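# Structural features, examined
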Amino acid sequence: MNLETLGFLGLAVVALATAVLALLVRELVHTILWVAVFFVDLAAIYFLLEASFLGVLQLGVYAGAVTILLLFGVMVTRKRIFSKEAATGIGPVPLGLALVVVILLFGALPEIPSTATPVRSYAATDLSLTLFGPDGPWLLLLGLTMMSALAGAIYLVREGRE
Amino acid sequence: MTAIPPDLVLGLSSALLGVGLFGILTRRNFILLLIAIEIAMNAAILNFVYFAAFNGTGAGLSGQAAAVVIIGLAATEVAVGLAIVLALNRLKGSINVAEAATLRN
């Protein structure tokens, strides 16, 4: 087992632990702190997988913007920011359903050849050439979706709507 | 050049999908629901990033381009979700999704 695999294993354990903690902690602000750690941890995984541009994007968009947006949502919707959530129990049916999905996916893992294949790194310029070349329609579609989502968000929160 | 076996990455993303699915099914707070959806989406992005850099597929950078598009879509989804949170809070006085049943009743 090489050094990268060990590093990935460590990061994977941290990612799983923070994801579970984020959903089980009862104070919403602590949830957002744990989810910020989760996003930074995934960015580290992307750097490990030689996708440095996506790592930076993950840090900027997820660890930066999404975390702040979620904190803003908590700030404006409750009187006392550090108040605890009412305990919603862990229902046996949702837990069972999630476990069944995970077991099915894990059951498919042996189908994949598990030889460690070298991961190649790409320069950010190559990615931009792809994004504005062959994969340009996807970028256009993303822009259109974001624009309509912006219009929809403004419509939802505008004043005088009852 | 790194060499991380694919079953580790796929195992991590499957487990993250399971955690996200569990959160989507059990949490009643709208913001926690958004966080659970984000966790499940990050599992998908992890798969795209890993297989983008997989040697020998020949279509390496399309995977990273797809990851960029998904990250943008996820950010958009959080923005619209928070707009819904604000509207729900104004209408009902709480962000519990169990109370947002006006269409059902």
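It should be emphasised that the depicted structure is a prediction, and the values quoted were computed from it without experimental measurement.

When you go through chain B residue by residue, the secondary structure sums to three helices and one strand. Reading chain B from its N terminus to its C terminus gives the helix and strand order β-α-α-α. Relative to its length of 105 residues, chain B is extended, with a C-alpha radius of gyration of 17 Å against a globular reference of 13 Å. C-alpha extents for chain B along the principal axes are approximately 55 × 25 × 20 Å. Across chain B, the fraction of contacts at a sequence separation of at least 24, relative to all contacts at a separation of at least 6, is 43%.

The terminal C-alpha atoms of helix α2 (residues 30-52) of chain B lie 33 Å apart, and with 23 residues this matches the ideal 33 Å at 1.5 Å per residue to within 8%. Within α2 of chain B, 19 of the 23 residues are buried, which leaves the element mostly enclosed by the surrounding structure.

Moving on to the interface of chain A and chain B. On the chain B side, the residues contacting the 69 residues of chain A number 64 residues. At the level of secondary structure, the elements contributing two or more residues to the side of chain A that touches chain B comprise α1 (3-24), α2 (28-48), α3 (52-77), α4 (92-107), β1 (118-119), α5 (124-131) and α6 (136-157) of chain A. Sorting elements by how many residues they give to the side of chain A that touches chain B places α3 of chain A first, with twelve residues. Grouping the constituent residues of the side of chain A that touches chain B by class yields 50 nonpolar, 13 polar and six charged.

Before going further, it helps to spend a moment on the nonpolar core. Within the largest apolar cluster, 62 residues are counted, with the highest numbers of intra-cluster contacts made by L16, I31, I35, L46 and V49 of chain B. For this core, the secondary-structure elements that each account for two or more residues are α1, α2 and α3 of chain A together with α1 (6-26), α2 and α3 (60-92) of chain B. For this core, the element with the highest residue contribution is α2 of chain B, accounting for 16 residues. Contact partners of V49 of chain B, with chain neighbours within four places excluded, come to Y46, L49, A51 and L54 of chain A together with Q64 and A67 of chain B.

A few words on unusual backbone geometry. One non-glycine residue with positive phi stands out, namely E50 of chain A, at about 65 degrees. Note on placement: E50 of chain A falls in the loop between α2 and α3.

Helix-helix packing is described using two parameters, namely the angle between the two axes and the distance between the axes. All names here are of chain A. Their axes nearest at 8 Å, the elements α1 and α2 cross at an angle of 160 degrees. It follows from the interaxial angle that α1 and α2 lie roughly antiparallel. When the axes of α1 and α2 are compared, the crossing they make is left-handed. On the side of α1, the interface is formed by E4, G7, F8, L11, V14, A15, T18, A19, L21 and A22, while α2 contributes T31, W34, V35, V37, F38, D41, L42, A44, I45 and L48.

All names here are of chain B. As for its placement among the helices and strands, E99 is situated in the segment after α3. Classification of E99 as partly exposed rests on a count of 13 C-beta atoms within 10 Å. The spacing of E99 and A15 is 84 residues in sequence and 30 Å in space, taken between C-alpha atoms. Not counting chain neighbours up to four residues away, the residues in contact with E99 comprise K92 and S94.

Cut-offs used in this document
- Residues numbered from 1 in each chain as written.
- Chains lettered and ligands numbered in written order.
- Predicted model: local features only at pLDDT ≥ 70, side-chain atom pairs only at ≥ 80, totals over all residues.
- Helix = DSSP H or I, 4+ residues; strand = E, 2+ residues; numbered from the N terminus.
- Rg over C-alpha atoms; globule rule 2.2 N^0.38 Å.
- Contact = placed C-beta atoms within 7 Å.
- Expected span 1.5 Å × (residues − 1).
- Buried ≥ 20, exposed ≤ 12 C-beta atoms within 10 Å, placed from the backbone.
- Nonpolar A, V, L, I, M, F, W, Y, C, P; charged D, E, K, R; others polar.
- Core = buried A, V, L, I, M, F, W, Y, C linked by C-beta atoms within 7 Å.
- Axes fitted to C-alpha atoms, helices over the stretch in contact; angles between N-to-C directions.
- Parallel < 35°, antiparallel > 145°, perpendicular 65-115°, else oblique.
- Left-handed = near helix turned anticlockwise from the far one by under 90°.

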